[in-house]
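Each chain, written out:
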Amino acid sequence: MKKLFNINTILIGIVLVAGIAGILFMNATKEEGSKAIVDINYNGKTERMVIDLSVDETYHIETTLPVTLVVKDGKIHFENSQCPDHLCEGFGEIYFDNQSASCLPAGVIVTIDEAVQ
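Below, the structure is looked at part by part. (Residues numbered from 1 in each chain as written. Predicted model: local features only at pLDDT ≥ 70, side-chain atom pairs only at ≥ 80, totals over all residues. Heavy atoms only, no water.)

**Considering the sheet that holds strand β6 (residues 100-103)**
What links the strands of a sheet is backbone hydrogen bonding, and the strands pair in either a parallel or an antiparallel sense. An order of β2-β1-β7-β6 is seen for the 4 strands of this open sheet, with the pairing classed as antiparallel. Of all strands in the sheet, those bounded by a partner on one side alone are β2 (45-52) and β6. If you compare each strand with its neighbour and ignore which way they point, the axes differ by 15 degrees on average. (Pairing = 2+ DSSP bridges. Helix = DSSP H or I, 4+ residues; strand = E, 2+ residues; numbered from the N terminus. Axes fitted to C-alpha atoms, helices over the stretch in contact; angles between N-to-C directions.)

Right, here's the structure in full:
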């Protein structure tokens, strides 16, 4: 008669349960950020903006390829970009601490950081 559970099956089950528990813990302890840092790189210079995510607003950023950032309901996203591939628009909304989105052709990087004053 075959054993119903061998040692490999038990170990795989333990690893699977531990992984799921870790993912659930990480999602439960994430904090929403309150500020977004926008680094704008163009013409060899870097400019930094700090955006308050509690204020709904639209930001038009003029670089070699203009982009539009929209803040709504504590979240920020790329609304429009003049870059050729528009990948940045597909990042969606970001709002958790340490999340980031970027439009590299335009040189715009958005990072959520609640520690910013």
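**Some details on the sheet that holds strand β3 (residues 57-61)**
With respect to topology, 3 strands assemble into an open sheet ordered β3-β4-β5, the strand pairing being antiparallel. Of all strands in the sheet, those with a lone pairing partner are β3 and β5 (75-81), marking the two edges. Adjacent strand axes in the sheet meet at a mean angle of 20 degrees when their direction is disregarded. Relative to β5, strand β4 (residues 67-72) runs antiparallel, the two being bridged by 6 bridges. Its bridge partner being in β5, Val 70 is matched across the sheet by His 77.

**Notes on the environment of Asp 97**
Structurally, Asp 97 is set in the loop between β5 and β6. In this structure, the C-alpha to C-alpha distance between Asp 97 and Thr 111, residues 14 residues apart in sequence, is 8.1 Å.

**Some thoughts on the state of the cysteines**
Taken as a whole and judged by the stated rule, the model has 0 disulfides. The closest cysteine sulfur to the non-disulfide-bonded Cys 83 is located on Cys 103, 3.6 Å from its own sulfur. Cysteine Cys 103 is unpaired, with the sulfur of Cys 88 as its nearest cysteine sulfur at 3.6 Å. Assessed through its relative accessible area of 1%, Cys 103 is described here as buried. (Disulfide = S-S within 2.5 Å. Buried < 20%, exposed > 50% of the residue type's maximum accessible area, 1.4 Å probe, protein only.)

**Let's talk about the packing of aromatic side chains**
Scanning the entire structure with this criterion turns up 1 aromatic pair. Lying over the aromatic face of Tyr 95, Lys 75 brings its terminal NZ or CZ to 4.6 Å of the ring centre. (Phe/Tyr/Trp six-rings, centres within 6.5 Å; stacked < 30°, edge-to-face > 60°. Lys NZ or Arg CZ within 6 Å of the ring centre and 35° of its normal.)

**Things to note about the side chain of His 77**
For His 77, the position within the fold is in strand β5. For His 77, the contacting residues outside a window of four places in its chain are Thr 68, Leu 69, Val 70, Gly 92 and Glu 93. (Contact = heavy atoms within 4.5 Å.)

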